[in-house]
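Descriptive structure summary
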Amino acid sequence: SSSAPSGAGQSGHGQSSMGASKIGGANAMDEVALVELLRQRPKDVPVMRTRDAFQRFFSGMDPAKLKRLLHEAYADLDPEAAKVKIEKRMSLLDRPSKS
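Below you will find a few notes about this structure. (Residues numbered from 1 in each chain as written. Predicted model: local features only at pLDDT ≥ 70, side-chain atom pairs only at ≥ 80, totals over all residues. Heavy atoms only, no water.)

**Here we look at the side chain of S91**
The following threshold applies: A run of DSSP states H or I qualifies as a helix once it reaches four residues; a run of E qualifies as a strand once it reaches two. Both are numbered from the N-terminal end. Here a polar contact means two N or O atoms within 3.5 Å. Within protein one must be a hydrogen donor candidate and the other an acceptor candidate, and residues neighboring in sequence count only if both atoms are side-chain atoms.
Summarising the element assignment, S91 is placed in helix α4 (residues 79–94). A distance of 2.7 Å separates a polar atom in the side chain of S91 from the backbone oxygen of K88.

**Focus on the environment of L38**
Condition: Using a 1.4 Å probe on the protein chains alone, a residue whose accessible area is under 20% of its type maximum counts as buried, one over 50% counts as exposed, and one in between counts as partly exposed.
Note that L38 resides in helix α1 (residues 31–39). Overall, the relative accessible area of 0% leaves L38 in the buried class. Distance in space between the C-alpha atoms of L38 and M48 is 8.6 Å, their sequence separation being ten residues.

**Here we look at the packing of helix α2 (residues 51–58) against α4**
To be explicit about the condition: Working convention: axes come from line fits to C-alpha atoms, limited for helices to the stretch in contact. Angles between N-to-C directions cover 0 to 180 degrees. Throughout this description, any angle smaller than 35 degrees is read as roughly parallel, any larger than 145 degrees as roughly antiparallel, any in the 65 to 115 degree range as roughly perpendicular, and the remainder as oblique. For this analysis, residues touch if any pair of their heavy atoms sits within 4.5 Å. Residues are grouped as follows: Ala, Val, Leu, Ile, Met, Phe, Trp, Tyr, Cys and Pro are nonpolar; Asp, Glu, Lys and Arg are charged; every other residue, Gly included, is polar.
At their nearest, the axes of α2 and α4 sit 9 Å apart, and the two run at 80° to each other. The angle between α2 and α4 falls in the class roughly perpendicular. Residue-level inspection shows R51, F54, Q55 and F58 of α2 in contact with α4, the latter providing R89, L92 and L93. Across the contact of α2 with α4, the residue classes break down as four nonpolar, one polar and two charged.

**Here's the deal with the packing of α1 against helix α3 (residues 63–73)**
Spelled out, the test is: By definition, turning the near helix anticlockwise from the far helix through less than a right angle yields a left-handed crossing, and turning it clockwise yields a right-handed one.
Close contact between α1 and α3 brings their axes to 9 Å; oriented N to C, the two are set at 65°. Read as a crossing pair, α1 and α3 show a hand that is right-handed. Note on element contacts: α3 touches α1 through K65, L66, R68, L69, L70, E72 and A73, opposite E31, L34, V35, L38 and R39. Class assignment of the residues belonging to the contact of α1 with α3 gives a composition of seven nonpolar, no polar and five charged.

Written out as structure tokens, the structure is:
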């Protein structure tokens, strides 16, 4: 008599052994809060200060979702300036960090 919907295995709490990559803190945050965070200068936000920190924080997030959040964060900027910033942030996730 379980009332859990199918797919309840992705409950979001506890540690999952599925997948090798860790889920970053951004995945647990409200989208409005993430947009506010992304609007700030990276050096003012510890979780985005370095490439490694940015990668860890956004680890496991769907790239399309991050791109949409970045578009929201930079909606007030000149479209060309916003495009440059979005591409720069997205590229941080593509490159492996140098340890």
